[in-house]
Amino acid sequence: GENVEQHPSTLSVQEGDSAVIKCTYSDSASNYFPWYKQELGKRPQLIIDIRSNVGEKKDQRIAVTLNKTAKHFSLHITETQPEDSAVYFCAARKYNFNKFYFGSGTKLNVKP
Amino acid sequence: DSGVTQTPKHLITATGQRVTLRCSPRSGDLSVYWYQQSLDQGLQFLIQYYNGEERAKGNILERFSAQQFPDLHSELNLSSLELGDSALYFCASSVEGTSGTDTQYFGPGTRLTVL
């Protein structure tokens, strides 16, 4: 099956700086890569996703890049704010298979 | 609000007991997933149902079982509960079309505490 690895496990940045979280996957057939933000005790919320026919997607301060050759994808948050502090999970899924494979999560702390 | 509902929000019970968690997917979604998240841990996939049938199984214990009913709501049954079963249990749903790229939306979760 698929194996998704996520780094770093914790990330501390100063408010206004950028944050980058990276994930690698093992199955080249994976074609859908969502990112979730989870605040303490709350549900994971989809913040951005990318499909394998696209190399980059941006939504305001958040962007995701995908390198299919290297089998890795990254979440980029610019101009970080304290409310960006949360745990971020990446996931991968392949066509016609049903399981989402999640990374182990990155705890982002944005210091004011 | 994702449109996925879960009940109850909190559940406190004793070891050895049995509980049932309920999930209603978003309108139009045929697929339901169950996840377990222990304290400070990642999301562990338990099981997936599509239109009433089991589709995929993850690390689900034999003491746990699930089903999806004709109205598409799903229930996760946890029996012979142990202290280690204390966790947040999330349900998620998706449309489950043919592209494999359907977005998955999570419910608010049920926090289970086993004493």
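The structure under discussion appears in the preceding block.
Because the structure is predicted, anything quoted here is derived from the model rather than measured.

Rules of the game
- Residues numbered from 1 in each chain as written.
- Chains lettered and ligands numbered in written order.
- Predicted model: local features only at pLDDT ≥ 70, side-chain atom pairs only at ≥ 80, totals over all residues.
- Heavy atoms only, no water.
- Helix = DSSP H or I, 4+ residues; strand = E, 2+ residues; numbered from the N terminus.
- Rg over C-alpha atoms; globule rule 2.2 N^0.38 Å.
- Buried < 20%, exposed > 50% of the residue type's maximum accessible area, 1.4 Å probe, protein only.
- Contact = heavy atoms within 4.5 Å.
- Areas by Shrake-Rupley, 256 points an atom, 1.4 Å probe, with all protein chains shown as cover.
- Buried area = accessible area lost by both parts, 1.4 Å probe.
- Salt bridge = Lys/Arg side-chain N within 4 Å of Asp/Glu carboxyl O.
- Polar contact = N/O pair within 3.5 Å; in protein donor to acceptor, adjacent residues only side chain to side chain.
- Nonpolar A, V, L, I, M, F, W, Y, C, P; charged D, E, K, R; others polar.
- Pairing = 2+ DSSP bridges.
- Axes fitted to C-alpha atoms, helices over the stretch in contact; angles between N-to-C directions.

Visitor: Describe the overall build of chain A, and please don't skip the residues or the numbers.
Guide: Looking only at helices and strands, chain A features zero helices and 11 strands. Reading chain A from its N terminus to its C terminus gives the helix and strand order β-β-β-β-β-β-β-β-β-β-β. Scaling as 2.2 N^0.38, a compact globule of 112 residues should have a C-alpha radius of gyration of about 13 Å, and chain A matches this with 13 Å. Projected onto its principal axes, the C-alpha coordinates of chain A cover approximately 45 × 30 × 20 Å. Looking at chain A as a whole, 46% of its 112 residues are labelled buried. Partitioning the intrachain contacts of chain A with sequence separation of at least 6 by distance along the chain shows that 53% fall at a separation of at least 24. Total accessible area on chain A stands at roughly 5600 Å², and carbon and sulfur atoms take up 46% of it.

Visitor: I'd like a description of the interface of chain B and chain A, backed by residues and values.
Guide: Tallying the contact residues gives 28 residues for chain B and 20 residues for chain A. Roughly 1900 Å² of surface becomes buried between chain B and chain A when both sides are summed, with 52% attributable to carbon and sulfur atoms. Applying the counting rule to chain B against chain A returns zero salt bridges. Run the count over chain B and chain A and you get six residue pairs in polar contact (both at pLDDT 80 or more). Elements with a minimum of two residues in the side of chain B that touches chain A: β4 (31-37), β5 (44-50), β6 (53-57) and β9 (87-94) of chain B. Looking at the side of chain B that touches chain A residue by residue, the class counts come to nine nonpolar, 13 polar and six charged.

Visitor: I'd like a description of the sheet that holds strand β3 (residues 19-24) of chain B, backed by residues and values.
Guide: All names here are of chain B. The four strands are arranged β1-β3-β8-β7 in an open sheet whose pairing can be described as antiparallel. Where the open sheet ends on each side, the last strands, each with one partner, are β1 (5-7) and β7 (64-68). On average, adjacent strands in this sheet sit at an angle of 15° to one another, irrespective of strand direction. Note: β1 against β3, three bridges, orientation antiparallel. Looking across to β3, one finds that T7 is bridged to R22.

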